[in-house]
Amino acid sequence: MEFLQQLINGLALGSVYALLALGYTMVYGIIQLINFAHGEIYMIGAFAGFYSASTLKLPLIPTLLVAMAVSALSGIIIEKVAYKPLRNSPRIALLITAIGVSLFLQNAMRLLVGSNPKPFPDLINAGSINIGSIQIEVKTILMFGVSALLVILLQFIVYKTKVGKAMRASSQDMEAASLMGINVNNTISLTFAIGSALAGIAGVLVAISYPSITPYMGAMPGLKAFVAAVLGGIGSIPGALVGGIAIGLLETFSKAYISTNFSDAIVFAILIVILLIKPAGLLGKKISVKV
């Protein structure tokens, strides 16, 4: 029974990692950028939700919408200010910029709100559901349910709408898409907005379940979501989902059955193994380079 309990907890945590990994994989799919500031967007979403719930006294759904909007706007601003001017620069310049943006956002938030942890308001007063000896918290169900709904919605947007068609065309060949009349700049901004909105919701969902937020809360989940994206195959939306769930289960089971001290090390060891054995990830496509 403890195994089933840990399985449920792992699926809920993995669904949050999947939301974050989707942001990495969408941005990389179009402009081949690993946006290491993505974890800080998750943190910004959590703080937007915190002030919406504590200061404005908003209930759950409006709090999630505010977190989405603030995170999406943050993502667009970061793309326009930090990444767009360097789009034709070497990859290393973009990578260093992404790390710099991450550090800037962490410390800017620390100056704005202080470094002390803030208790997140309890937006869900419901307790837990007992199925035999298994206890499932309503917050856990919310994490998994909202994440699953958003993944389905994203799949619909990417594969069934004109916006999604523009994203897929831009990821295949940016210059050709531009010649066909697609506004590539707007498409990239929209991609950042969608990925950032998902990260913002993930921030609020985690803050509801683990009610303490700090300016540095996005660093480790951001790295684990990156591992999830690489594991699933960065650039692949189903891969981000599979990788996120896998990392969530791995972390939960390693904490329960091995050691809480080594759970993070195990997650990052998986990254090394995947890069050695299957660099394209579980669902990624092997790209042949013509010389």
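In what follows, the structure referred to is the one given above.
Residues numbered from 1 in each chain as written. Predicted model: local features only at pLDDT ≥ 70, side-chain atom pairs only at ≥ 80, totals over all residues. Heavy atoms only, no water.

Participant: Outline helix α10 (residues 237–257), listing residues and values.
Facilitator: The end-to-end C-alpha separation of α10 is 30 Å, in line with the 30 Å expected for 21 residues at 1.5 Å each. Looking at where α10 begins, the residue whose side-chain oxygen comes 3.0 Å from the main-chain nitrogen of Gly 239 is Ser 236. (Helix = DSSP H or I, 4+ residues; strand = E, 2+ residues; numbered from the N terminus. Expected span 1.5 Å × (residues − 1). Polar contact = N/O pair within 3.5 Å; in protein donor to acceptor, adjacent residues only side chain to side chain.)

Participant: Quick rundown of the packing of helix α1 (residues 2–31) against α10? Include the residues and the values.
Facilitator: Between α1 and α10, the shortest axis-to-axis distance is 6 Å and the interhelical angle comes to 140°. Considering their axes alone, α1 and α10 lie oblique with respect to each other. At the point where α1 passes α10, the crossing takes the right-handed sense. Tallied by class, residues from the contact of α1 with α10 come to 17 nonpolar, nine polar and two charged. (Axes fitted to C-alpha atoms, helices over the stretch in contact; angles between N-to-C directions. Parallel < 35°, antiparallel > 145°, perpendicular 65-115°, else oblique. Left-handed = near helix turned anticlockwise from the far one by under 90°. Nonpolar A, V, L, I, M, F, W, Y, C, P; charged D, E, K, R; others polar.)

Participant: So what's going on with the pattern of salt bridges? Which residues, and what values?
Facilitator: One pass over the full model with this rule turns up five salt bridges. Its salt-bridge partner being Lys 139, residue Asp 122 comes within 3.9 Å of it at the nearest N-O pair. Of the two residues, Asp 122 sits in the loop between β1 (118–119) and β2 (128–131) while Lys 139 sits in helix α5 (residues 138–160), which places them 17 residues apart along the sequence. Ionic pairing is found between Lys 224 and Glu 251, a salt bridge with its closest N-O pair at 3.1 Å. Here Lys 224 is found in helix α9 (residues 219–232), whereas its partner Glu 251 is found in helix α10, with 27 residues between them in sequence. For Lys 224, a relative accessible area of 4% translates into the label buried. When its relative accessible area of 4% is taken as the criterion, Glu 251 is described as buried. Among the ionic contacts, a cluster of salt bridges with common partners joins Lys 224, Glu 251, Lys 255 and Asp 264. (Salt bridge = Lys/Arg side-chain N within 4 Å of Asp/Glu carboxyl O. Buried < 20%, exposed > 50% of the residue type's maximum accessible area, 1.4 Å probe, protein only.)

Participant: Explain the layout of surface pockets to me, using residue names and the numbers behind them.
Facilitator: Looking at the second largest pocket, its volume works out to about 590 Å³. Contributing to the lining of the second largest pocket are 29 residues, with Leu 13, Val 206, Tyr 210, Glu 251 and Lys 255 lying nearest its centre. Elements that contribute at least two residues to the lining of the second largest pocket include exactly α1, β3 (134–137), α5, α8 (184–209), β4 (212–213), α9 and α10. Across the lining of the second largest pocket, the residue classes break down as 13 nonpolar, ten polar and six charged. (1 Å grid on protein atoms, 1.4 Å probe; cavity = no way out; pocket = protein on both sides within 12 Å on 5 of 7 lines; lining within 4 Å. Points joined across faces, edges and corners; volume = space filled by probe spheres on them.)

Participant: Tell me about α9, and please be specific about residues and values.
Facilitator: The terminal C-alpha atoms of α9 lie 20 Å apart, and with 14 residues this matches the ideal 20 Å at 1.5 Å per residue to within 8%. Across the 14 residues that make up α9, a large majority, eleven, are buried. Those residues of α9 that sit buried are Pro 221, Gly 222, Lys 224, Ala 225, Phe 226, Val 227, Ala 228, Ala 229, Val 230, Leu 231 and Gly 232. Here the buried face of α9 lies against α1, α2 (38–54), α10 and α11 (263–277). Just past α9, the residue Gly 233 takes up positive phi, approximately 115°. (Contact = heavy atoms within 4.5 Å.)

Participant: I'd like to hear about the environment of Glu 40, residue by residue, with values.
Facilitator: Tracing the backbone through its elements, the reader meets Glu 40 in helix α2. Residues Glu 40 and Tyr 216, spaced 176 residues apart in sequence, show a C-alpha to C-alpha distance of 7.8 Å. Apart from residues no more than four positions distant in its own chain, Glu 40 is found in contact with Ser 102, Leu 105, Gln 106, Gly 218 and Ala 219. For Glu 40, the side chain forms a polar contact with the side chain of Ser 102, separated by 2.7 Å.

Participant: I'd like a rundown of the packing of aromatic side chains, residues and numbers included.
Facilitator: Throughout the structure, instances matching the rule amount to seven aromatic pairs. Ring plane angle 15° and centroid distance 5.1 Å describe the contact between Phe 3 and Phe 253, whose orientation is recorded as stacked. One end of the pair, Phe 3, is in helix α1; the other, Phe 253, is in helix α10, and 250 residues separate them in sequence. Phe 253 gets classed as buried once you look at its relative accessible area, which sits at 18%. Seen in terms of ring centroids, Tyr 24 and Phe 226 are 5.9 Å apart; in terms of plane orientation they differ by 55°. Their pairing is tilted. Residue Tyr 24 is located in helix α1, and its partner Phe 226 is located in helix α9; the two are separated by 202 residues in the primary sequence. On the basis of relative accessibility, which here comes to 16%, the residue Phe 226 falls in the buried class. Clustering of aromatic rings is evident, with ring pairs tying together Phe 3, Phe 253 and Tyr 257. (Phe/Tyr/Trp six-rings, centres within 6.5 Å; stacked < 30°, edge-to-face > 60°.)

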